[in-house]
Amino acid sequence: MLGICRGRRKFLAASLTVLFVPAITWIYLFAGSFEDGKPVSLSPLESQPHSPRYAASSQRESLEIRVREVEEENRVLRKQLSLAQGRGLAHRRGNHSRTYSMEEGTGDSESLRAGIVAGNSSECGQQPAVEKCETIHVAIVCAGYNASRDVVTLVKSVLFHRRNPLHFHLIADAIAKQILATLFQTWMVPAVRIDFYDADELKSEVSWIPNKHYSGIYGLMKLVLTKTLPSNLERVIVLDTDITFATDIAELWAVFHKFKGQQVLGLVENQSDWYLGNLWKNHRPWPALGRGYNTGVILLLLDKLRKMKWEQMWRLTAERELMSMLSTSLADQDIFNAVIKQNPFLVYQLPCFWNVQLSDHTRSEQCYRDVSDLKLQKQLSELDEDDLCYEFRRERFTVHRTHLYFLHYEYEPVSDNTDVTLVAQLSMDRLQMLEAICKHWEGPISLALYLSDAEAQQFLRYAQGSEVLMSRHNVGYHIVYKEGQFYPVNLLRNVAMKHISTPYMFLSDIDFLPMYGLYEYLRKSVTQLDLANTKKALIVPAFETLRYRLSFPKSKAELLSMLDMGTLFTFRYHVWTKGHAPTNFAKWRTATTPYRVEWEADFEPYVVVRKDCPEYDRRFVGFGWNKVAHIMELDAQEYEFTVLPNAYMIHMPHAPSFDITKFRSNKQYRICLKTLKEEFQQDMSRHYGFAALKYLTAENNS
């Protein structure tokens, strides 16, 4: 009953605050809206110089001044009420504060566990509140592809509940830094700062410690945080990557205020019996105080730890224990516990266990809500919102959150420096093509996937359940998260192109299957045609089938036979002949050596180029002109187009995309695409001068 009454009082106080301030405002306005009992008009017509009642303008100005004065008084009053209410809320929170977090696989005898940190009224005294704009510092050790994916879940959970600015200190290897730097740059979350610390430079600090834990050397790096993090940083929350928060992290940050005396570490007691040494016969763990403490979540008072010479303390302890233990089993956790065993006064035991608990939280006004990317805002402000093509133009400046290397990736460079990566992009509805492409192309692949957060998890389950995909480690999966109303096809291509590990790339599409052996054939062609020293674009002729089940041709002769029988067709011959006509399929039928072709309007072949080729133009989204513009740019930069006589790829049938449906049904879509084409051609003329005039002429004649 007491809790209910308190809840009612809190609601009542908030209600009075909401009602009281506007009421005063309107009392002032009402009183100030009359002069000698007559209403003062605020009509703009009456303030015009030639209005019969123009004299009322001076009264209006006087009233406006009074209104501003009242508003300023109300602002001060609201602030005072807010402070008073905040003090009351802080007092009540002292008896009812809770901090929640979920942890998986934290190292206790390698078990999975989950828990909640939650104080109760008997344990928790009055807990100081965290100022709304106080920055909370979080340190995370993150290395490799899988850990990078896990840390995203952790960060999302913290962001979901947080009210304060955050500063993440990421101790990362080169892989994790590349992935997470791109992710946060494209995420653009307000009031979040990221600093990276090179984990490779820290290896020497802990590499002398033998360690059996699966986390390897990175599992020991929390020990050197006092030395690694900035010297002016006084406190930090340290988290494992497999943590998920279910409430505001500020409530955990507030626990620092409860440290007393020489307490410098905030830790949770282990839930397993690992350190009790009774799990099996002859089980001999490192020394610990009782059940020991888990280091998945740590509160570190860095300034005091440095004064206590923490670095020397843990090193001496580790050296002493390793003489008999020989190696650590639970990485840093063993050493932390050995130090605590000798110095129990260092620990403030977090008052509650970590577990899973649902919590119904209301989100207060955030002090960082108005923070935005100023450069992006400037670009958008320069656009005309009344332009019928505004949404198309806006898409060019949209920043998409991007998670590089969503799955594990390994690549070993070939010795002859001729390697080629297949580059493509896709959305969820083309996922079924992945296994087939992996069977047709054994070389490295770079894919940009346009997915929602939920779809990314579906993709993860799909990939992990596929024997074909899991057997391939040279496929880079880069998730670009959905934002806006158009499919950002050229942005996706650019993401996939940018993150390849080979000197050459085959720019393909996800609905094409390359011929068997194309990977090796392209590597040989790269050498024969001296792509390293010439600006060439090698064309792989494109064909299509209307059959969902196709006996894929194993040779050029078999493909020609299927062409003659009508099982295969040259790509888009019946709807968009111009796109591939310059390939000269008639010549290709009998060609035995590569041959050069000239650029023509609307040409959009699939090509092999060096990795330093120009990017795709981002103004083209959805359907239409996205590849045409890129081929035009290659021609403007004087690339030679060379058709490979023994290469081919086949387009597989599928339902039409949403964007092509919009193009066909929406007249405004087609008008905007035409406008963007003209603007692109004008940009080409300005950039490449007289040589680019042929593109305008070709367009007018087509």
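Residues numbered from 1 in each chain as written. Predicted model: local features only at pLDDT ≥ 70, side-chain atom pairs only at ≥ 80, totals over all residues. Heavy atoms only, no water.

> Looking at this structure, I do not really get the overall build of the protein chain. What am I missing?
When helices and strands are tallied, the protein chain shows 23 helices and 26 strands. Relative to its 702 residues, the protein chain shows a buried fraction of 51%. Within the protein chain, contacts between residues at least 6 apart in sequence are counted, and of these 81% link residues at least 24 apart. (Helix = DSSP H or I, 4+ residues; strand = E, 2+ residues; numbered from the N terminus. Buried < 20%, exposed > 50% of the residue type's maximum accessible area, 1.4 Å probe, protein only. Contact = heavy atoms within 4.5 Å.)

> Sorry, what's going on with helix α10 (residues 332-342) here?
Given 3.6 residues per helical turn, the α-helix brings residues three or four places apart onto the same face. Judged by how many residues are buried, α10 sits mostly within the fold: nine of eleven residues are covered. Within the span of α10, buried status applies to D332, Q333, D334, I335, F336, N337, A338, V339 and I340. The inward-facing, buried residues of α10 contact β11 (265-269), β12 (293-301), α9 (310-325) and β13 (347-349).

> Quick question: what am I supposed to make of the sheet that holds strand β19 (residues 512-514) here?
Hydrogen bonds between backbone groups are what pair the strands of a sheet, and the pairing can be parallel or antiparallel. Pairing is mixed in the open sheet, where four strands are placed in the order β19-β26-β21-β22. Unpaired on one side and paired on the other, β19 and β22 (569-570) mark the two borders of the sheet. Strand direction decides the pairing type here: β19 and strand β26 (residues 649-651), joined by three bridges, are antiparallel. Note that in β26 the partner of F512 across the bridge is H651. (Pairing = 2+ DSSP bridges.)

> Quick question: what am I supposed to make of the packing of aromatic side chains here?
Describing an aromatic ring pair means giving the distance of the ring centres and the angle of the ring planes. Under the definition given, this model contains 28 aromatic pairs. Here the aromatic rings of F184 and W187 are separated by 5.7 Å at their centres, their planes lie at 25°, and the arrangement is stacked. Here F184 and its partner W187 are both found in helix α4 (residues 174-187), three residues apart, which amounts to about one turn of the helix. With relative accessibility at 13%, the residue F184 sits in the buried group. Residue W187 is classed as buried on the basis of its relative accessible area of 17%. Ring centres of F512 and F571 lie 4.9 Å apart, and the angle between their planes is 70°; on these two criteria the pair is classed as edge-to-face. Taken as a pair, F512 in strand β19 and F571 in the loop between β22 and α19 (585-590) lie far apart in primary sequence, 59 residues in all. F571 matches F512 in its accessibility class, with the two residues each being buried. Between K556 and the ring centre of W588, over which it is positioned, the NZ or CZ distance is 4.3 Å. (Phe/Tyr/Trp six-rings, centres within 6.5 Å; stacked < 30°, edge-to-face > 60°. Lys NZ or Arg CZ within 6 Å of the ring centre and 35° of its normal.)

> I keep staring at the pairing of strand β15 (residues 420-427) and nothing clicks. Help me out?
Looking along a regular strand, one sees side chains alternate from face to face of the sheet. Burial within β15 is extensive, with eight of its eight residues counted as buried. Here β15 shows two buried faces, one formed by V420, L422, A424 and L426 and the other by T421, V423, Q425 and S427. As paired elements, β15 and strand β18 (residues 504-507) share four bridges and run parallel to each other. By the bridge assignment for β18, T421 is matched with M505.

> Can you walk me through the pattern of salt bridges in this structure?
Note on pairing: side chains with opposite charge can pair once their charged atoms come close. Using the criterion set out here, one finds 30 salt bridges in the structure. The residue K203 makes a salt bridge to D200 at a minimum N-O spacing of 3.2 Å. Taken together, the residues K203 and D200, both in helix α5 (residues 199-206) and three residues apart, mark about one turn of the helix. Look at D200 and you get partly exposed, because its relative accessible area is 37%. Salt-bridge contacts for R596 lead to E598; the nearest nitrogen and oxygen are separated by 3.8 Å. Salt bridges here are not isolated pairs; linked through shared partners, they connect E205, K227, E311 and R315. (Salt bridge = Lys/Arg side-chain N within 4 Å of Asp/Glu carboxyl O.)

> Would you mind showing me how to read the side chain of D332 here?
One can find D332 in helix α10. Buried charge D332 goes without a salt bridge, the closest partner of opposite sign being K222 at 4.2 Å. Excluding residues within four positions of it along the chain, D332 makes contact with G219, L220, K222, L223 and T295. (Lys, Arg positive; Asp, Glu negative; His and termini not counted.)

> Can you walk me through the pairing of strand β25 (residues 640-643) in this structure?
Relative to β25, strand β20 (residues 536-540) runs parallel, the two sharing four bridges. Looking across to β25, one finds that L538 is bridged to T642. By the bridge criterion, three bridges tie strand β23 (residues 595-597) to β25 in an arrangement that is antiparallel. Bridge pairing links Y595 to V643 in β25.

> Hey, could you run me through the nonpolar core in this one?
In a soluble, globular protein the nonpolar side chains are often hidden away together inside. Formed by 114 residues in total, the largest nonpolar core has its most connected members in L447, F459, Y477, F506 and L522. A total of seven residues in this core trace back to one element, the largest contributor, which is helix α22 (residues 667-688). Once you skip the residues sitting within four places of it in the chain, L522 turns out to touch V420, W441, F506, V540, V608 and L644. Counting residues in each nonpolar core, the second largest holds 84 residues, with A139, L220, W253 and F256 among its members. (Core = buried A, V, L, I, M, F, W, Y, C linked by side-chain atoms within 4.5 Å.)

> How do you make sense of the environment of K482 when you look at a structure like this?
As for its placement among the helices and strands, K482 is situated in the loop between β17 (475-481) and α16 (489-498). Residue class for K482 comes out partly exposed when judged on its relative accessible area of 41%. Ignoring any residue separated from it by four or fewer positions in sequence, one finds K482 in contact with H400, Y450, L451, S452 and E455. In this structure the side chain of K482 is engaged in a polar contact, spanning 3.2 Å, whose partner is the side chain of E455. (Polar contact = N/O pair within 3.5 Å; in protein donor to acceptor, adjacent residues only side chain to side chain.)

> I would appreciate a short explanation of the side chain of H499 in the present structure.
Mapped onto the elements of the fold, H499 is located in the loop between α16 and β18. Its relative accessible area of 11% is what places H499 among the buried residues. Within the structure, the side chain of H499 is placed 3.0 Å from the backbone oxygen of V495, a separation counted as a polar contact. What H499 contacts, discounting residues up to four positions off in sequence, is Q178, L404, Y405, S446 and H478.

> Explanation requested: unusual backbone geometry in the structure shown.
Both trends apply: most residues other than glycine have a negative phi, and most peptide bonds are in trans. Look at M188: it is not a glycine, yet its phi comes out positive at around 55°. Positionally, M188 belongs in the loop between α4 and β8 (192-198). For M188, a relative accessible area of 31% gives the class partly exposed. Positive phi values are uncommon outside glycine, yet N584 reaches one of about 65°. Classification of N584 as partly exposed rests on a relative accessible area of 33%.

> Please clarify how the confidence of the model for the protein chain should be interpreted in this entry.
Detailed conclusions should not be drawn from predicted coordinates in areas where pLDDT is low. Chain-level statistics for the protein chain give a pLDDT mean of 80 and a share of 77% at 70 or above. Note that pLDDT drops below 50 for residues 81-128; the model gives that stretch 133 contacts with residues more than four away or on any other chain. Segment residues 353-372 is flagged for pLDDT under 50; beyond a separation of four residues in sequence, or across chains, it makes 57 contacts in the model. (pLDDT = per-residue confidence, 0-100.)

> Mind showing me how you'd approach the sheet that holds β17 here?
Sheet architecture is open: nine strands sit in the order β14-β17-β16-β15-β18-β24-β20-β25-β23, paired in mixed fashion. Sheet topology places β14 (402-403) and β23 at the edges, where each strand pairs with a single neighbour. Seen against the sheet, helix α14 (residues 453-464) touches β16 (445-451) and β17 and runs at an angle of roughly 135° to β16. (Axes fitted to C-alpha atoms, helices over the stretch in contact; angles between N-to-C directions.)

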